[in-house]
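Remarks on the overall topology
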Amino acid sequence: MTEPSGGHDRPRRPVVVPALALVAVTVIGITALLGGLEEAPEAPPQLTSGAVLDQGRYSTRFVESRVRVEPAESTFAEDKRFLELVFDVTNLGDETTPVGLPPSEPEGAATSSFFAGSLVKIAPAFPEDAGPFVFALSKDQDETRQLHPGVTTKVIVRYELKDTERPPEKVTLDVAAFEYGAGFQDPTEKWSMISQEVGDRLVPEIRARVTMPVREGAGA
């Protein structure tokens, strides 16, 4: 019998798949079997002046950032200028606590259990001789270094500005929070900063990033 026309059995061309694509598909498949692709950590909530943040041990209202001028004590001295960060802090714990100090380096913040220690990072950074100077104001406007339980207290973190130094337009704070319970290596229950173990050190978790525009012209 004669073969019908057009019945040639031509070999099909092989489909070329790049090796890189095969590797990518394989990696994605293996990753899916192991529990899926790892998600990037979420950015902390972005807050601004006037916002209130629950920090566990404290409830904090970020009042403002301002430039304050204190007149010279004599005619031969210069006025002093400060950049001030102002907070209304309520101690939600059962004990009086010191106000504390912001850490000189973010890596050292995890050991603090005091309010100012939760200001993990302040940007822009200020020189060491500029401060910070931290204090609270009692109801009688007297300076204090203590936060009493259940009381809302105004806390001020200030940095001295040099004569020719222009203040920044805004200040951004990375703020941590606290939890009550046993520590990583200490079974005693107490307030401690919420942190993660990264290698051989503790790194604070950032609860919020707060940006406060700097207001100029505050008097003494």
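Everything in this summary refers to the structure shown in the same document.

Criteria and cut-off values
Residues numbered from 1 in each chain as written. Predicted model: local features only at pLDDT ≥ 70, side-chain atom pairs only at ≥ 80, totals over all residues. Heavy atoms only, no water. Helix = DSSP H or I, 4+ residues; strand = E, 2+ residues; numbered from the N terminus. Areas by Shrake-Rupley, 256 points an atom, 1.4 Å probe, with all protein chains shown as cover. Pairing = 2+ DSSP bridges. Phe/Tyr/Trp six-rings, centres within 6.5 Å; stacked < 30°, edge-to-face > 60°. Buried < 20%, exposed > 50% of the residue type's maximum accessible area, 1.4 Å probe, protein only. Lys NZ or Arg CZ within 6 Å of the ring centre and 35° of its normal. Salt bridge = Lys/Arg side-chain N within 4 Å of Asp/Glu carboxyl O. Core = buried A, V, L, I, M, F, W, Y, C linked by side-chain atoms within 4.5 Å. Contact = heavy atoms within 4.5 Å. Polar contact = N/O pair within 3.5 Å; in protein donor to acceptor, adjacent residues only side chain to side chain.

Re the overall build of the chain
On a plain count of helices and strands, the chain comes out with one helix and 16 strands. Total accessible area on the chain is roughly 14,800 Å²; 53% of this is exposed by carbon and sulfur atoms.

Some points on the pairing of strand S14 (residues 195-198)
Across four bridges, the pairing between S14 and strand S15 (residues 201-204) is antiparallel. The residue bridging Gln196 from the neighbouring strand is Val203, located in S15.

A closer look at the packing of aromatic side chains
Aromatic ring pairs: the centre-centre distance and the angle between the two ring planes describe each pair. Evaluated as defined, the whole model comprises six aromatic pairs. With a centroid separation of 6.1 Å and 75 degrees between ring planes, the pair formed by Tyr58 and Phe115 is classed as edge-to-face. Within this pair, whereas Tyr58 is found in strand S3 (residues 58-70), its partner Phe115 is found in the loop between strand S5 (97-98) and strand S6 (119-123), the two being separated by 57 residues in sequence. By the burial criterion, Tyr58 is buried, and Phe115 matches it. Here Tyr58 and Phe178 contribute two aromatic rings whose centre-to-centre distance is 5.7 Å and whose plane-to-plane angle is 75 degrees, an arrangement assigned as edge-to-face. Taken as a pair, Tyr58 in strand S3 and Phe178 in strand S12 (residues 178-182) lie far apart in primary sequence, 120 residues in all. Both residues of the pair, Tyr58 and Phe178, belong to the buried class. Here the aromatic residues Tyr58, Phe62, Phe87, Phe115 and Phe178 are joined through ring pairs into a cluster of three or more. Over the ring of Phe82 we find Arg158; its NZ or CZ atom is 4.1 Å from the centre of that ring.

Thoughts on the pattern of salt bridges
This model, assessed by the stated rule, comprises 11 salt bridges. Arg209 is the salt-bridge partner of Asp174, the closest N and O atoms lying 2.6 Å from each other. Linking Asp174 in strand S11 (residues 170-175) with Arg209 in strand S16 (residues 208-218), this pair joins segments that are 35 residues apart in sequence. If you follow the salt bridges from partner to partner, you end up with Glu64, Arg66, Arg68, Glu70, Glu84, Arg158 and Arg215 in one network.

Notes on unusual backbone geometry
Cis geometry is adopted by the peptide bond preceding Pro124, which originates at Ala123 and carries an omega value of 5 degrees. With respect to the helices and strands, Pro124 occurs in the loop between S6 and strand S7 (133-137). In this structure, Pro132 follows Gly131 across a cis peptide bond, with omega equal to 10 degrees. For Pro132, the location among the structural elements is in the loop between S6 and S7.

A word on the nonpolar core
Grouped together as the largest cluster of nonpolar side chains are 34 residues, with contacts concentrated most on Leu85, Phe87, Phe115, Val155 and Leu173. Mapped by element, the contributors of at least two residues to this core are S3, strand S4 (80-91), S6, S7, strand S10 (152-161), S11 and S16. Contact partners of Phe87, with chain neighbours within four places excluded, come to Thr60, Arg61, Phe62, Val63, Phe115, Leu119, Thr153, Lys154, Val155, Val157 and Leu173. Counting residues in each nonpolar core, the second largest holds five residues, with Val63, Phe135, Leu137 and Ile156 among its members.

Details of the side chain of Ser118
By the element assignment, Ser118 lies in the loop between S5 and S6. Of the polar contacts made by the side chain of Ser118, one reaches the side chain of Gln55; its length is 2.9 Å. A distance of 2.6 Å separates the side chain of Ser118 from the backbone oxygen of Phe115, its partner in a polar contact. Sequence-distant contacts of Ser118, defined by excluding residues within four places in its chain, comprise Gln55, Asp174, Val175, Ala176, Phe178 and Met193.

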